[in-house]
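The residues making up each chain are set out below.
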Amino acid sequence: MDNSLPPADELVLVDRELAQLDARRSQLLARRAWLIRVLHAPVASVALPPRPPVADSTPRSAQNVLLTLGGTLLTIAAIAFTLVSWGSMGIGGRAAVLSAVTAAALVAPVALLRRSLVSTAEAVAALGMVLMVLDAYALHRVALPETDGLGYAAVAAAVLAAAWTAYGSALSRLRVPLPVAVVAGQLPLPLGVLAAGGGSTAFAWAALVTAAADGAVVLWARPASVRITAVTGAVALGGWALLTGGLLSLTSPWDGAPLLLAGAAVTLYLAWRRPALAVAASAVAGLAAVTAVGGLLRAAVPADWAVPGYVLCGLATASVWWLRAGTAGTTSASAPASGAATRSGGSTADTAGARLPAGVRLGLGCAGAATTALGVVWALPPVAAGLLGPLARTTEVWSGEHAERALTSYPGTAVLVLAVAAAVLAALPRLWARCAALALAWALLTALPVSLGLPFAATLALQLLTSAAALWIAVRPGPATRGLRTTGAPGERSGTSGTEPGPGAPTPPVTAPSAAPAGGPGAPRPGWAPVRPRTQAPVIAPGTVLGWSAYAGGLASAVSAVALALDVRAATFLALGAVLGLCSAVAVLGLDARRVVSACGAVLAATGLVFAMAAAGGFEDHWTALALLLVPAATAALGTRAPRPVALAIEITGGAVGLLALGIAASRPAFLALALALGGVIAAATAVRPERRRFAAWTAAALFLAATWVRLAVWEVTTPEAYTLPVTVPALVVGFLRRRRDPEASSWTAYGPGLAATLLPSLFAAWTDPEWVRPLVLGVAALVVTLLGARFRLQALLVLGGTVLALDGLHELAPYVVQAVGALPRWLPPALAGLLLLAVGATYEQRLRDARRLRDRVARMR
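What you see is a predicted model; the values in this text were computed from it and never measured. (Residues numbered from 1 in each chain as written. Predicted model: local features only at pLDDT ≥ 70, side-chain atom pairs only at ≥ 80, totals over all residues. Heavy atoms only, no water.)

Would you mind showing me how to read the overall build of the protein chain here?
Across its full length, the protein chain holds 34 helices and zero strands. By the burial criterion, 34% of the 862 residues in the protein chain qualify as buried. Sequence separation of 24 or more characterises 69% of the internal contacts of the protein chain that already satisfy a separation of 6 or more. Here the protein chain displays about 50900 Å² of accessible surface, and carbon together with sulfur accounts for 70% of that area. (Helix = DSSP H or I, 4+ residues; strand = E, 2+ residues; numbered from the N terminus. Buried < 20%, exposed > 50% of the residue type's maximum accessible area, 1.4 Å probe, protein only. Contact = heavy atoms within 4.5 Å. Areas by Shrake-Rupley, 256 points an atom, 1.4 Å probe, with all protein chains shown as cover.)

Structure (structure tokens):
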């Protein structure tokens, strides 16, 4: 049955289907164009407002420049008129011109201010004030020529200051008159004193009174420019007055003390009223008061007690800070309790300290601390002499003579300054103060022998006791930390005890770390903002800090004691034994790195004892070197029981002592060989320990080899094989064991160093040896090595053995080849060379393949 359509019907059907496809294609293309327009729509550009052209200068700045230049030119013209053209006019004309111009310059700003021309008014007012100065000068030159210049200047400055003050107060919109009035106010009193013939003291009082007036201006004036000008004048004149008072306190204390105390009172009042200046002003006041009272004490006591007097004054000044610092841990929550304590008869001093502003207390405390620190620095030379004096040796060791003491004329009150400062710092419950107190106590004990002139035995005993006490504190710092204020968690005030709240204590609310409201802009969602724990910096324990502070002083005293004890033999043994015991005790009982350092110190002290015993026994150097080997032997034995860091430290120190022993024994080669052998024994014994096996084993091998070589050199053995075979045999054994454990190991690593150690030196010796025995033996040995390399496919044996065999054979055949070449006709060698080249060229490809095959075979060897 045939179901196919007729051709005409089928053509109609095909045309209809193609028309539908064209319509669908057009629809899809239109949809595609719309989608492209939606996805890639052009962004509407926002029209930016046109920016105005940038001018070279703003109208206000240009106006100020023009007004300044105009005022300056008018001022120059007025000065020129007053100084140059004055004589061409009569008295009436002169007065009329200056008065009219000055009055016009002073009145014009009123009209200018009404028109809001402030800058123009400022320039004209400045011109008027300059004209007032010129009026004063002209008045002196014409009407009062006989008047004293300084006195007239003082009066004129006072009048001008008052006039400008009134003018600036009347025209409050002008900024220039009041600061200029303050500047003019600095001159009347100092110039008046100079006009009256007053000395430096009177001038300083005048400067101080002027500075006090400046302080009043700072306190009560409102414009910032006036206050800044007054502060500048007060600092300049007040500083001059205080410097003068300080100089007078050194030469005439009763003249300088009132000046300093008055300056301190003025400065302290300013600090009280102005918190922004409280710290600096109160510090200056404290230094002035200390200088004044200390100068009076210096005049009343002997010269040696002058510095202690200043230190006491400084401590008294610093106690103002301590009045409130003693209750610094009291927060506002405990205010009612403190008030109740005060009502029930509390401390009046603490109440007075609480009324002082914090800035004032801080400044006075800094002034007192600075004075005390200067006193401590003055007391340090005896400390340096007591510590470093024994190191600067001027006498022979064990001579029984003692070097002359340094600083014998230094005041003995230096130790009193150190003692007082240490006591005061020890009373402060602060870590830095406790560390400083420890350092000062150590300095006091170090300086006592110098200041008191103690004899040798007492000095040595005191230094050893100081070292023992310091090292005891380093091991057990607990008593030194009593009373220290602990630091709480972040956010707690220092001084809180850090104890947990009791059962009935209220629980503080838990707040989020961010202060932004939940749900505000930028606030993270709770589910997506996990709270990160705050990481705190590691806090060093107070005991650790105090321990290290005391430990440093203990070691320094120990070194100084040993240096001092070298004057006497018995004292040397005593000091070294004491230091050895102290360092051993710290190494056993101490913590952290102090154990390691103390262990090394104990090894050095033991070394010193060995030296001392050898010197006392009259040993020669080589015997002393052998005795010193007892130290590394002892450290190797102790290393088996000591903790790992201590063991490593003492073994390294013992090794350094062993090197010193080898250096001492180097003058006697026979004893050097013995010392090297004993060192090898010690290293071999150390190699028994698993953690030291690798390094100690290699060290022992090197020492034994060096001992063998030195012994052969002593016996005058010149055969190189005697030196190389002791290296080759153990090296080959080690290489064989390694290849047995790791068959993939390279033969160059396992056997190369051992074979090269003997074959290469023997080859060099064979080339210079006229006999036939060494080349023969070397050739046989190289042949055996080559055959073994070929048999077991070992590259190192094959290459080294073959190379040495070829060079040795070449050396033996070279004379005969030379003789044969000499007997042949001269044309024969070139002919033979040509034939050889022809043969190689004819079989070049085959020879190249053979060479590559040989290279590949050798490369495949291990």
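So what exactly am I meant to see when it comes to the environment of Leu574 here?
Tracing the chain through its elements places Leu574 in helix 21 (residues 569-589). With a relative accessible area of 53%, Leu574 lands in the exposed category. Between the C-alpha atoms of Leu574 and Leu460, which are 114 residues apart in sequence, the distance is 9.9 Å.

Help me understand the pattern of salt bridges in this model?
Any two side chains of opposite charge can pair, on the condition that their charged atoms come close. Counted according to the given criterion, the structure contains seven salt bridges. Across the pair Glu122 and Arg175 runs a salt bridge whose closest N-O atoms are separated by 3.6 Å. Placement of the pair is Glu122 in helix 4 (residues 118-142) and Arg175 in the loop between helix 5 (149-170) and helix 6 (177-185), with a sequence separation of 53 residues. Two residues, Asp592 and Arg594, come together in a salt bridge whose shortest N-O distance is 2.8 Å. A relative accessible area of 38% places Asp592 in the partly exposed class. (Salt bridge = Lys/Arg side-chain N within 4 Å of Asp/Glu carboxyl O.)

Please explain a nonpolar patch on the surface as it appears in this structure.
A cluster of nonpolar side chains, namely Trp772, Val773, Leu776, Val777, Val780, Val784, Leu788 and Phe792, defines an oily patch on the protein surface of about 780 Å² accessible area. With respect to the helices, strands and loops of the structure, Trp772 is situated in the loop between helix 30 (752-768) and helix 31 (773-792). (Patch = residues over 30% accessible without salt bridge, like charges linked within 9 Å, V, L, I, M, F, W, Y side chains within 5 Å.)

Explanation requested: the packing of aromatic side chains in the structure shown.
Both the distance between ring centres and the angle between the ring planes are used here to describe each pair of aromatic rings. Evaluation of the coordinates by the stated rule reveals five aromatic pairs. Ring geometry for Trp378 against Tyr410: centres 5.6 Å apart, planes inclined by 35 degrees, an arrangement best described as tilted. Pair noted here: Trp378 is in helix 15 (residues 358-378) and Tyr410 is in the loop between helix 16 (380-388) and helix 17 (414-427), with a separation of 32 residues, a long-range link. Sitting over the ring of Phe792, Arg791 keeps its end group 5.2 Å from the ring centre. (Phe/Tyr/Trp six-rings, centres within 6.5 Å; stacked < 30°, edge-to-face > 60°. Lys NZ or Arg CZ within 6 Å of the ring centre and 35° of its normal.)

Looking at this structure, how should I read the confidence of the model for the protein chain?
Low-pLDDT portions of the prediction should not be read for the details of their coordinates. Here the protein chain averages 81 in pLDDT, and 79% of its residues register 70 or above. Note on residues 52-60: pLDDT is under 50 here. Beyond four places in sequence and across chains, it has two contacts. Low pLDDT (under 50) marks residues 325-353, which in the prediction has 14 contacts with non-local residues, meaning those over four places away or in another chain. (pLDDT = per-residue confidence, 0-100.)

I keep staring at unusual backbone geometry and nothing clicks. Help me out?
Only a minority of non-glycine residues have a phi that is not negative, and only a minority of peptide bonds are not trans. Positive phi outside glycine occurs at Trp398, with the angle close to 60 degrees. When you line up the elements, Trp398 lands in the loop between helix 16 and helix 17. By relative accessible area, Trp398 is classed as partly exposed at 22%. Of note in the backbone geometry, Asp592 takes a positive phi value of approximately 45 degrees without being a glycine.

Hey, could you run me through the nonpolar core in this one?
A general tendency of soluble globular proteins is for nonpolar side chains to be buried together. Of all hydrophobic cores here, the largest spans 27 residues; its most connected members are Leu628 and Leu676. Elements that contribute at least two residues to this core include exactly helix 22 (592-616), helix 23 (621-628), helix 25 (644-665), helix 26 (669-686) and helix 27 (693-714). The leading source of residues in this core is helix 25, at seven residues. Not counting residues within four places of it along the chain, the set of residues in contact with Leu628 comprises Thr607, Val610, Phe611, Val657, Leu660, Ala661 and Ile664. (Core = buried A, V, L, I, M, F, W, Y, C linked by side-chain atoms within 4.5 Å.)

What should I look at first to understand the packing of helix 16 against helix 18 (residues 431-452) in this one?
A pair of packed helices is captured by two measures, namely the crossing angle of their axes and the spacing between those axes. Orientation of helix 16 relative to helix 18, taken along the N-to-C sense of each, is 80 degrees, at an axis distance of 7 Å. When the interaxial angle is binned, helix 16 and helix 18 end up roughly perpendicular. Only Trp442, Ala443, Thr446, Ala447, Val450 and Ser451 of helix 18 make contact with helix 16, whose side of the interface consists of Pro382, Val383, Ala385, Gly386 and Leu387. (Axes fitted to C-alpha atoms, helices over the stretch in contact; angles between N-to-C directions. Parallel < 35°, antiparallel > 145°, perpendicular 65-115°, else oblique.)

Can you walk me through the environment of Ala213 in this structure?
With respect to the element layout, Ala213 can be found in helix 8 (residues 200-220). By relative accessible area, Ala213 is classed as partly exposed at 41%. A sequence separation of 28 residues divides Ala213 from Gly185, and the C-alpha atoms of the two residues are 9.0 Å apart.

Just to check I follow, could you spell out the side chain of Arg434 for this structure?
Here Arg434 shows up in helix 18. Using a relative accessible area of 11% as the deciding quantity, one classes Arg434 as buried. The contacts of Arg434, once residues within four sequence positions are left out, are Leu425, Ala426, Leu428, Pro429, Ala480, Thr481, Arg482, Gly483, Leu484 and Leu546.

Could you clarify how one ought to interpret helix 6 in this entry?
Owing to its 3.6 residues per turn, the α-helix aligns residues three or four sequence positions apart on the same side. Every buried residue of helix 6 is listed here: Pro177, Pro179, Ala181, Val182 and Ala184. In this structure, the buried side of helix 6 is in contact with helix 4, helix 5, helix 7 (188-195), helix 8 and helix 9 (224-251).

Explain the state of the cysteines here, please?
Every disulfide links exactly two cysteines, by a covalent bond between their sulfur atoms. Summed over the entire model, instances satisfying the criterion amount to zero disulfides. With no disulfide partner, Cys600 has as its closest neighbouring cysteine sulfur the one in Cys583, 9.9 Å distant. (Disulfide = S-S within 2.5 Å.)

Which parts of the structure should I look at to understand the side chain of Glu651?
Here Glu651 lies in helix 25. Exposure remark for Glu651: the relative accessible area of 16% places this residue in the buried category. Non-local contacts of Glu651, meaning those with residues more than four positions away in its chain, are made with Thr635, Gly639, Arg689 and Arg692.

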